[in-house]
Amino acid sequence: MRLWMNEQEQHTHEPLGTAVLDYLRDQLGLLGTKSGCREGDCGACTVLVGARTPQGVEYEPVCACLTPLVALENRHLVTVEGLSHGDLGPVQQSILSEGAVQCGFCTPGIVLSLTGYLLCATSLTERQAIASVAGNLCRCTGYESIRRAARALVSSLPALEERGPKRFAQLAALGAWPRSFLSIADDLPLVANRQPPARPPARGTLVLGGGTDLMVQRPSAVRGSRIVLASSLAHSCVQKRGDDLAIGSASTVAQLERSALLLEEVPRLSHIVSLIASPQIRSRATVAGNLVNASPIGDLAILLLALCSKVCIESPKGVREVDLERFFLSYKKVDLRPGELIVEVLVPRRGPRRLLSFEKVCKRTHLDIASVNSACAVELDSDRIVNARLSAGGIAPVPKLLEATSQALVGSDLHSIDIAALTKTAQAEISPIDDVRGSAVYKRLLLGRLLLAHIESFQKQQRFSGGHS
Amino acid sequence: MSSDERELHVRGLSRFIDDHCLPGQSLYAAVCSSKVPCAELRSVDIAPALALPGVVTVLTAKDIPGENQIGAIVGDEPLLATDHLRWIGEPIALVIGRSDQAARAGAAAVVVDAQERPAVFDPREAARLGQLIVPIRRFEKGDVDAAFTRSATVVAGRVESAGQEHVYLETQGAVAEVDGNKVRIRSATQSPTGVQRAVARVLGLPMSDVEVDVPRLGGAFGGKEDQATPYAALAALAALRLRQPVKLVLSRVEDMRLSGKRHPYSTDYRLGLDEGGRILAFEVTYYQNGGGAADLSPAILDRSLYHATAAYRVPAARMTGYSCRTNLPPFTAFRGFGAPQAFLAFEAALDHAAQATAVPRHELQRRNLVVEGDCLPCGMVLSGARATETFDDARKRFDLSKRLARIANHNACRPRLVQGLATMPVCFGISFTNKILNQASSLVHVFTDGSVSVSTGAVEMGQGVSRKLARIAASVLGADEALVRVEATSTTRAANTSPTAASTGADLNGMATLLAARSIRERLDALSKSASDAPLSFSQAVTHAYASRISLSAQAHYATPHLGIDPETGAHRPFAYHVYGTALVEVELDTILGTYRVTSVKVVHDVGHSLDPGTDRGQVEGALLQGIGWVTCEDLRYVEGRLASDTLTTYKVPDILGAPELEVVLSESDNDRAVMGSKAVGEPPFIYGLGAFFALLDALRAAGARLPEGEYDSPLTPERVLTLLCCDGNR
């Protein structure tokens, strides 16, 4: 397998499921990338991965602990060592000058996240610069100095050139990007996304989406398997298909976030995405991975359930479509047989006719797994709800469509909903358990409050759109 | 090459324990630990582990050549269990493999036969059963019962405060090797001498045969004061047995399951006030959950007792502490060292009194703050008290009354998001409460080119102690600060060191460095005077001194003066001085969902004459966010003695998006009790974070919640908040 490792082209015969973190530290002796948690939560092992796509070369931050080597094929891997030749760059300078480094263990990851931000930002803003390090935990600084560093960085740089070669050259001139990387970007071969039709997986292979869950749960199994990446079997774009949006099953959360088509259906897309996962995880986690994982609290599953999605499954025998709520069979069991592959998720397009509310409640607002999450989509005729889909996670063994409660909403006036009756209906549909994310009693209580929050959100959305006088 | 650590960090060049001894260069060790909280250990079968590929050997208690004991205060902690198992995670055997995977597979394969016994997890139950780590600690000032009788208002209640996981980003670890006839250990410890002493004891060697080297720590916060010792001792045991380098680094999950955390406390309080809202009497009983071995629990309980009255003047007080032995992993030091639990309990009592008397909490606080000349319950008379000064400064500077009016206005129209505010004053005693530890030494070398080397017992863990030491040495010597190198901490260069803890790292080691540098400077000055009329530059003086065969090295020792019992007055003085300050903490509560945000924290913090304002600011900011985490999102949970929140997915520390805007004003003052007029800064600001707890109570009340009287449970997770919001069915 070939990759570019900082300034050098490299070939490796390591097992393709090896975590990039182990490859860097154990094989190459590059020790600047730190191992903090091995589950993508701390960001100490953040590295950048560059790929040439038809749109040009793009760099994304990923957690080296959750990224299998195979995902680097024909790509450019950038670590802190690659950014540290010669004088300090503006990212490192701003971190130093604002005292945004104490014990130093998280620092290389932060350097990489901010550098990644400079490479792919649409424009420089303090808020986005700070959001770019959302996936980097620091236990020493209280983050205030890191915020100061992000601000100092943004204010020290001129307006950015458009993304791509001009941006890379500009950042190289500013000392934020090594010149030697410019020619690597030029040399990178095209990593073509799979176009339809999909290709079924070969027998005995492990299909890996992003690996953000499998690399945590079963790293040695991944390492020892013959791996095929979902992106080589299924596509990863969001397309119009008749009345539906067809979301390629290999789409990453970051790709969803950038989709203008999906934004029409989910107006608060980027806010929701910022709640769900860090930039590093968004770059890797895929739609199909999130569904196949079948976590009862999966955020994307909850969102897609409310959007009335179907799963499109292919095998050598043909194609079948399954309503998403029928796809989840029982705890961690899904309707997917050996040799089958999820190729697309179909979301009916409703545009502004559909109001959508997504809420998750966790101990920490961002980047935490919810106690209960819930999405609700309604269509209104004036104030009357004519169509409703309410989903919730953390309250049953599977991500659940609350069918009876959804039905109960239909026909109600948005401004005179009997919340108590609705909550009672919902309580009969759920079966939460006590766990580390909350007691069953709490989860029941919370679901009722989430219903209330959805209704409030719809009323507010209606006011803003001028639909209600 | 920069002598600044921070430049290494941003370049990814700083090496931590895990960056030493890569595959092929060492063997790996993994710990097989108890799966049950309380049991008789019948047998340990290592054969299944030995049969696995890559497993080199398995060591158990009988392989320990010296004494199987690492307890520093109480000798109750064997390195490897012998006949009893007392908590889930207690080490039983050490498996050494050619790779970390092989070692871990071996650890999982060891078969432990144990007969389970009933376990105790609740400290009050342990106290009832008489399971105490040390005898009850109690002290009293004034006629407490009479003062309660005189009180117009008496409130009583209970405070539960949960533990807290350190989440230092670098996990526990050590690498050990035997070099000729010396055992060398690189350990991620705050206590190099503690590790050296324990390793010598376990291996049956004199301390001079053991060298402990600590290059730097990737965060510690107290978690590596005592708890780094077992891993260093285990790695050393294996290295001595096998005569090969052995590396033992815990994974995050292992670290969270095995290592100690901040102590959970269950506390009863009673507070009496007169008609004017002045405190007359306070009584408190702490049930400290110590876990299965003493670790540092007795010392931590002492600090709770010394800080029982928080930042307030209390004429009569009775303090009682139970250090309770339970079947949880031994709890340990964590920034604040027992003081946060005491502050939370006292502030809760004061909150209760504010409710009972309908006097705003900040008013009650202000009326009762300690002032110059006050005598604390322990007998220490305060000098240089700045509690009222910093409180008033914060109140004015941040316009408390305007803020309160704005919040009241906002909340008056019953919005979905209600706001709350709390003021949080601090008065924190500086010194180890164990008097012996208040000493340090420093070894300073000046090289002939004018560059300088400083060696002390201070461990650099991000708190910036190296920078402070460099600054002190440079300023005393008249040397260029950029040419002062503060060395990694080594037991060979600095002997009999105290742990870098109790916020004293810069105070103690800085003063020793100042004394050592001063004696060199005095030699240079004497030489300059005799040599010429024109003053010599530092490097000229150094050259001249070397040519004159004058020593350019000095070692000095410092012991904090005036501590302990005054032989004349009999007054007890546990601390050199106190650190003061006040924070305003604001929150915003979603009354539908029970979620919340800490929106801003504004602080006036007393730094003396800061040795490095940037460093001190960073310490204040970092500590206070840890304090906020402790009382809000950090939810440490055990189920039948097993840690349920054992990953960073299930135990959430604050992140940048949730962290409030912080404004920290460093307030300077004179301090003749620490090096160059500075003040210690590591722990006191942690207390500011507790303001989030009371600001949330404020918001809950504004939302109409009728909170149960005299019951305070920390942390206020969204689950607790929603439960409190809904207990009256409001909204």
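Just so you know, these numbers come straight off a predicted model, no measurement behind them.

Undergrad: For this particular structure, what's the right way to read the interface of chain A and chain B?
TA: How big an interface is tends to be stated in terms of the accessible area lost upon association of its parts. Contact residues are listed per partner, giving 69 residues for chain A and 67 residues for chain B. Of the roughly 5,900 Å² buried at the junction of chain A and chain B (both faces included), carbon and sulfur atoms supply 58%. Among the residues of chain A in contact with chain B, R139, K363 and R449 of chain A are the three that bury the most area, contributing 16% of the side total. Where chain A touches chain B, the interface holds 12 salt bridges. Across the pair R416 of chain B and E456 of chain A runs a salt bridge whose closest N-O atoms are separated by 3.4 Å. The tally of links between chain A and chain B comes to 33 residue pairs in polar contact (both at pLDDT 80 or more). Taken together, the elements giving at least two residues each to the side of chain A that touches chain B come down to α1 (20–27), α2 (90–97), α3 (107–120), α4 (126–131), α5 (144–156), β15 (354–361) and α19 (440–465) of chain A. Counting residues per element, the side of chain A that touches chain B draws most heavily on α19 of chain A, at 8 residues. Among the residues forming the side of chain A that touches chain B, the class breakdown is 32 nonpolar, 18 polar and 19 charged.

Undergrad: Just to check I follow, could you spell out the state of the cysteines for this structure?
TA: By definition, a disulfide links the sulfur atoms of two cysteines through a covalent bond. This model, assessed by the stated rule, comprises 0 disulfides over all chains. Free cysteine C37 of chain A: the closest other cysteine sulfur is in C42 of chain A, separated by 3.8 Å.

Undergrad: What is the right way to look at the domain arrangement of chain B in this model?
TA: Residue and element names in this part refer to chain B. When its domains are assigned, chain B resolves into domain 1 (5–118 + 166–258), domain 2 (265–432 + 573–726) and domain 3 (439–559). Computed from C-alpha coordinates alone, the two centres of domain 1 and domain 3 are separated by 35 Å. Contact with domain 1, which involves 20 residues of that partner, is made by 16 residues of domain 3. Around 1,400 Å² of area is buried between domain 1 and domain 3 when both sides are counted, 50% of it from carbon and sulfur atoms. Summed over the shared surface of domain 1 and domain 3, the result is 1 salt bridge. Close ionic contact of R493 with D213 constitutes a salt bridge, the shortest N to O distance being 4.0 Å. Applying the counting criterion to the domain 1 and domain 3 interface returns 7 residue pairs in polar contact (both at pLDDT 80 or more). Contributing elements (two or more residues each) for the side of domain 1 that touches domain 3: α1 (5–11), α6 (192–203) and β11 (210–214). Looking at the side of domain 1 that touches domain 3 element by element, the count peaks at 5 residues for β11. The class makeup of the residues in the side of domain 1 that touches domain 3 is 7 nonpolar, 6 polar and 7 charged.

Undergrad: What am I meant to see in the sheet that holds strand β4 (residues 56–63) of chain A here?
TA: What links the strands of a sheet is backbone hydrogen bonding, and the strands pair in either a parallel or an antiparallel sense. Residue and element names in this part refer to chain A. Here 5 strands make up an open sheet; going across it, the order is β2-β1-β5-β3-β4 and the pairing mixed. This sheet does not close on itself; its edge strands, each paired only once, are β2 (8–11) and β4. Within the sheet, the average angular offset between the axes of one strand and its neighbour, ignoring direction, is 30°. Across 4 bridges, strand β1 (residues 2–5) lies against β2 in antiparallel orientation. The residue of β2 that forms the bridge with M5 is Q8.

Undergrad: Explain the nonpolar core here, please?
TA: Most often, soluble globular proteins have nonpolar side chains that are buried together. The biggest cluster of nonpolar side chains holds 199 residues, and the ones touching the most others in it are I95 and W177 of chain A together with L271 of chain B. When residues in this core are grouped by element, the largest group, 11 residues, is from helix α10 (residues 339–357) of chain B. Apart from residues no more than four positions distant in its own chain, L271 of chain B is found in contact with F148, T153, V154, V155, I279, A281, F282, F346, A349, L350 and A353 of chain B. The next biggest cluster of nonpolar side chains, apart from the first, holds 70 residues, and it includes A301, L304, L324 and F358 of chain A.

About the criteria used
- Residues numbered from 1 in each chain as written.
- Chains lettered and ligands numbered in written order.
- Predicted model: local features only at pLDDT ≥ 70, side-chain atom pairs only at ≥ 80, totals over all residues.
- Heavy atoms only, no water.
- Contact = heavy atoms within 4.5 Å.
- Buried area = accessible area lost by both parts, 1.4 Å probe.
- Salt bridge = Lys/Arg side-chain N within 4 Å of Asp/Glu carboxyl O.
- Polar contact = N/O pair within 3.5 Å; in protein donor to acceptor, adjacent residues only side chain to side chain.
- Helix = DSSP H or I, 4+ residues; strand = E, 2+ residues; numbered from the N terminus.
- Nonpolar A, V, L, I, M, F, W, Y, C, P; charged D, E, K, R; others polar.
- Disulfide = S-S within 2.5 Å.
- Domains from an automatic or database assignment.
- Pairing = 2+ DSSP bridges.
- Axes fitted to C-alpha atoms, helices over the stretch in contact; angles between N-to-C directions.
- Core = buried A, V, L, I, M, F, W, Y, C linked by side-chain atoms within 4.5 Å.
- Buried < 20%, exposed > 50% of the residue type's maximum accessible area, 1.4 Å probe, protein only.

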